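# Working through the structure, step by step
The lines below spell out each chain.
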Amino acid sequence: FRNTNTAGTTGTALTFINGASNNIIRSCNFEAFADINNGVMLFSTSATFDGGNSNNLVELCNINGTVAGNSAIVCVLSAGTNVSGFENINNTIQHNNIYDYRDRGLGIKSTGSYGWTITGNSFYNGNISSAITYAANSTLHGLRILGGSGYTVSNNFIGGSAAGATGANATYATSAGNLSYQGILVNTTSAVPETNIKGNTVAKINVTVFPTVASST
């Protein structure tokens, strides 16, 4: 599934929306150039009381964020709806190659999602990252979860230019100031149900910055 749009706005390859639930997506290839509000694969919002876009399984897929030299901000994104009964819950992302994104492989926004399982995936963008000059004070991630609870993030590989955090190092650089890389960022908004992060590997990452203020590092 390849979206050839080069505008970088609504260019998703697959969108779950308005109660798209109990689906299995297996052994597929997805490619798109999408912005921060979309993603190559988007778990969108729900307008009716239908349980959100939930209980979906995505496995053994290749999810590629670069099309015709244009790189998506994020490969897999959950937007969600911040109303009880409308959230995106209990989705499983497992054993996929998620790659050649600009800023992050997977992102979950601060409201509207919880209870996801993210396991056994490879997140990498070393094939394209060295060609990007990032803006000052950019923060980059393998995966970023900004809210919700009850997540399992396990046995993922983050970094490099190939599956399993192998190949060439992923290099991130800016000439305008500071830049940081966080392999996994999880901010939960509740302690119940608990979130588990275990068995993940972050490797083959280079970060190069050029501070613009004297004596800064």
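Attention in this report is confined to the structure presented alongside it. (Residues numbered from 1 in each chain as written. Predicted model: local features only at pLDDT ≥ 70, side-chain atom pairs only at ≥ 80, totals over all residues. Heavy atoms only, no water.)

So, about the sheet that holds strand S15 (residues 117-119). As a general point, the strands of a sheet are linked pairwise by backbone hydrogen bonds and lie either parallel or antiparallel. On the basis of which strands lie adjacent, the open sheet formed by 6 strands has the order S2-S5-S11-S15-S18-S22 and parallel pairing. Taken across any chain shown, the strands that pair with only one partner, and hence form the sheet edges, are strand S2 (24-26) and strand S22 (196-198). Averaged over neighbouring strand pairs, the angle between their axes works out to 5 degrees when direction is ignored. Across 3 bridges, strand S18 (residues 152-154) lies against S22 in parallel orientation. Looking across to S22, one finds that Thr-152 is bridged to Asn-196. (Pairing = 2+ DSSP bridges. Helix = DSSP H or I, 4+ residues; strand = E, 2+ residues; numbered from the N terminus. Axes fitted to C-alpha atoms, helices over the stretch in contact; angles between N-to-C directions.)

On to the state of the cysteines. Under the definition given, this model contains 0 disulfides. The thiol of Cys-61 is unpaired, and the distance to the nearest cysteine sulfur, on Cys-28, comes to 4.8 Å. Note on Cys-75: no disulfide assigned, nearest cysteine sulfur contributed by Cys-61 at a separation of 12 Å. (Disulfide = S-S within 2.5 Å.)

What follows is about the environment of Asn-18. Structurally, Asn-18 is set in the loop between strand S1 (14-16) and S2. For Asn-18, a relative accessible area of 43% puts it in the partly exposed group. Ignoring sequence-local partners within four residues, the contact set of Asn-18 consists of Thr-45, Ser-46, Ala-47, Asp-50 and Asn-53. Within the structure, the side chain of Asn-18 is placed 2.9 Å from the backbone nitrogen of Ala-47, a separation counted as a polar contact. (Buried < 20%, exposed > 50% of the residue type's maximum accessible area, 1.4 Å probe, protein only. Contact = heavy atoms within 4.5 Å. Polar contact = N/O pair within 3.5 Å; in protein donor to acceptor, adjacent residues only side chain to side chain.)

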